[in-house]
Amino acid sequence: MSRRSHPKSKARRLAKARVDILWEQAKKDATQGRPDLARERVLSARKIAQKTRTKLPGYINRRICRTCGSVLFASRVRVRNNRSRHIVVTCQNCGATKRYYF
Ligand SMILES: [Zn+2]
């Protein structure tokens, strides 16, 4: 292995590992009645992703509120069928809604 190769991909791999750890902790916090802590962890995970110019993985992105960064764990989920089938997830912290079409 060349020492000079892929300094960025190494940083990204580290970033992803940290993001994963933060996400695991955030989920725990959210289920243990600490949504404030969970939000802090989500926000720092986001910062890490921004710094390394990577995206948060889809399984994380789908579970956090775009507006305030809350973990959408115990949020209201409604499946609607009136026009197109989609799920409406309501953030219990700021009330923002998110729609997923499928
Ligand atoms: Zn929110």
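Residues numbered from 1 in each chain as written. Predicted model: local features only at pLDDT ≥ 70, side-chain atom pairs only at ≥ 80, totals over all residues.

Chemist: Would you mind showing me how to read the sheet that holds strand β2 (residues 86-90) here?
Modeler: Strands in a sheet are paired, the pairing made by backbone hydrogen bonds, and the direction either parallel or antiparallel. With respect to topology, 3 strands assemble into an open sheet ordered β1-β2-β3, the strand pairing being antiparallel. This sheet does not close on itself; its edge strands, each paired only once, are β1 (76-80) and β3 (97-101). Strand-to-strand twist across the sheet, computed as the mean angle between neighbouring axes with direction ignored, equals 20°. With 5 bridges joining them, β2 and β3 adopt antiparallel strand pairing. (Pairing = 2+ DSSP bridges. Helix = DSSP H or I, 4+ residues; strand = E, 2+ residues; numbered from the N terminus. Axes fitted to C-alpha atoms, helices over the stretch in contact; angles between N-to-C directions.)

Chemist: Can you help me understand unusual backbone geometry in this one?
Modeler: Backbone geometry follows two general trends: most residues other than glycine have a negative phi, and most peptide bonds adopt the trans configuration. We note that Arg-53 has phi near 55°; this positive angle belongs to a residue other than glycine. Take Arg-53: it is sitting in the loop between α2 (35-51) and α3 (58-61). For Arg-53, a count of 10 C-beta atoms within 10 Å corresponds to the exposed category. (Buried ≥ 20, exposed ≤ 12 C-beta atoms within 10 Å, placed from the backbone.)

Chemist: Help me out: how do you make sense of the pairing of β3 in this one?
Modeler: A regular strand carries its side chains on alternate faces of the sheet. Little of β3 sits out of view: just 0 of its 5 residues are buried. Between β2 and β3, which pair antiparallel in sequence order, lie 6 residues; one of them, Gly-95, sits at a positive phi of approximately 85°.

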